[in-house]
Amino acid sequence: SIATGEGEVAAGRIVIVAGLASESDFSRLHGLLAPGNAHGIDLYGGYRDAAAVYEGSTSLAADVGLLDPNLSGFGADLVQLLLPFEPKPIITIGAVAGAGDWAQTVATAGAKGHINTPLDTQQVTKLVAMIPALLKQACAERASPKYIPRLDPRLTPIIDRGGWQRTAVSVWSPKGGVGNTSLP
């Protein structure tokens, strides 16, 4: 792994952890978001597998996880673990090939947006422009009394069919007496 940025993350700066399959994409991103850049972004990355992106994002308390779906071990579960991260939401932005349905794949997984690879000045500018609004949206969602972490899309049909209602629950207590068991 290559980590850019030195020491502690400066207060008020946005932290991006990048997991990109292409070394040249990461090099271009690093060149455009060099340490101390005017955008207020600290870039960390060079990760080649999804587990390392998760570890880096959570240990740095990142604001953004920039993910290439071609990373080894990439799956919807990674996106769904970052957004409900307890200290603060970590939004995911996909770095996807322009051809194919990768943008839809990362959106279905829960990514808040995407940019196209290969990365260039236009795509990095798009990334920088979208981050503030997405962070504000994620924080507003988290602060809402109706906040529920996003579920894996494969679970939604089960819940819609009432699968959660078909579960048998058994309650037992070693203490005798009244009031130990309640059934809805």
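Relevant structure appears above.
Residues numbered from 1 in each chain as written. Predicted model: local features only at pLDDT ≥ 70, side-chain atom pairs only at ≥ 80, totals over all residues. Heavy atoms only, no water.

Chemist: How should I be thinking about the sheet that holds strand E3 (residues 64-67) in this particular structure?
Modeler: The pairing of strands in a sheet happens through backbone hydrogen bonds and is either parallel or antiparallel. Spatial strand order, E2-E1-E3-E4-E5: five strands in an open sheet with parallel pairing. Looking at strand neighbours, the two that pair on one side only are strand E2 (41-45) and strand E5 (113-117), the edges of this open sheet. Within the sheet, the average angular offset between the axes of one strand and its neighbour, ignoring direction, is 25 degrees. The pairing of E3 with strand E4 (residues 91-97) spans four bridges and is parallel. Its bridge partner lying in E4, Val 64 is registered against Ile 91. Its contacts with the sheet place helix H2 (residues 50-59) against strand E1 (14-19) and E3, and it is angled at close to 170 degrees to E1. Along the sheet face, helix H4 (residues 102-109) touches E4 and E5 and points at about 165 degrees away from the line of E4. (Pairing = 2+ DSSP bridges. Helix = DSSP H or I, 4+ residues; strand = E, 2+ residues; numbered from the N terminus. Axes fitted to C-alpha atoms, helices over the stretch in contact; angles between N-to-C directions. Contact = heavy atoms within 4.5 Å.)

Chemist: I tried to follow the environment of Lys 112 on my own but got confused; where do I start?
Modeler: If you trace the backbone, Lys 112 turns up in the loop between H4 and E5. Take Lys 112: its relative accessible area is 23%, and that puts it in the partly exposed class. Remark: the alpha-carbon pair of Lys 112 and Val 64, spanning 48 residues in sequence, is separated by 9.9 Å. Residues in contact with Lys 112, not counting those within four places in the same chain, are Leu 83, Ile 91, Thr 92, Leu 134, Gln 137 and Glu 141. (Buried < 20%, exposed > 50% of the residue type's maximum accessible area, 1.4 Å probe, protein only.)

Chemist: Sorry, what's going on with helix H5 (residues 121-143) here?
Modeler: In an α-helix there are 3.6 residues to a turn, and that puts residues three or four apart on one side. Helix length check: H5 (23 residues) gives 34 Å between terminal C-alpha atoms against 33 Å at 1.5 Å per residue, within 8%. The sharpest bend along H5 measures roughly 35 degrees and falls at Ile 131, with the proline Pro 132 sitting one to four residues further on. Along H5, the positions that sit buried rather than exposed are Gln 123, Val 124, Leu 127, Val 128, Met 130, Ile 131, Leu 134, Leu 135 and Ala 138. Elements that come into contact with the buried residues of H5 comprise E1, helix H1 (23-32), E2, E3, E4 and E5. N-cap assignment for H5: the residue whose side-chain oxygen lies 3.2 Å from the backbone N of Gln 122 is Asp 120. (Expected span 1.5 Å × (residues − 1). Bend = angle between axes of the 7 residues up to and from the residue. Polar contact = N/O pair within 3.5 Å; in protein donor to acceptor, adjacent residues only side chain to side chain.)

Chemist: Where do I start with the environment of Pro 87 in this structure?
Modeler: Tracing the chain through its elements places Pro 87 in the loop between helix H3 (76-82) and E4. Counting along the chain gives 26 residues from Pro 87 to Ala 61, while the straight-line C-alpha distance between them is 7.7 Å.

Chemist: Hey, could you run me through the pattern of salt bridges in this one?
Modeler: As a working rule, side chains carrying opposite charge can pair if their charged atoms are close by. In total, this model carries five salt bridges according to the counting rule given. We note a salt bridge from Glu 23 to Arg 48, for which the minimum N-O separation is 2.3 Å. Remark: Arg 48 occurs in the loop between E2 and H2 and Glu 23 occurs in helix H1; sequence separation between them is 25 residues. Linking Glu 141 and Lys 112 is a salt bridge whose minimum nitrogen-to-oxygen distance equals 3.1 Å. Taken as a pair, Glu 141 in helix H5 and Lys 112 in the loop between H4 and E5 lie far apart in primary sequence, 29 residues in all. (Salt bridge = Lys/Arg side-chain N within 4 Å of Asp/Glu carboxyl O.)

Chemist: Help me out: how do you make sense of the pairing of E5 in this one?
Modeler: Across a regular strand the side chains alternate sides, sitting on one face of the sheet and then on the other. Side chains of E5 alternate between two faces, with Gly 113, Ile 115 and Thr 117 buried and His 114 and Asn 116 left unburied. Examined bridge by bridge, E4 and E5 share five bridges and lie parallel to one another. Each bridged residue has a counterpart across the sheet, and for Ala 95 the counterpart in E5 is Ile 115. Viewed along the sheet, the connection from E4 through H4 into E5 turns out right-handed. (Right-handed = clockwise from strand over helix to strand, strands pointing away.)

Chemist: I keep staring at H2 and nothing clicks. Help me out?
Modeler: If you check which residues of H2 are buried, you get Ala 50, Ala 52, Val 53, Gly 56, Ser 57 and Thr 58. Elements that come into contact with the buried residues of H2 comprise E1, E3 and H3. Where H2 begins, the capping side chain belongs to Asp 49, and its oxygen is found 3.1 Å from the backbone nitrogen of Ala 51. Just downstream of H2, Ala 61 is the residue with a positive phi angle, here 50 degrees.

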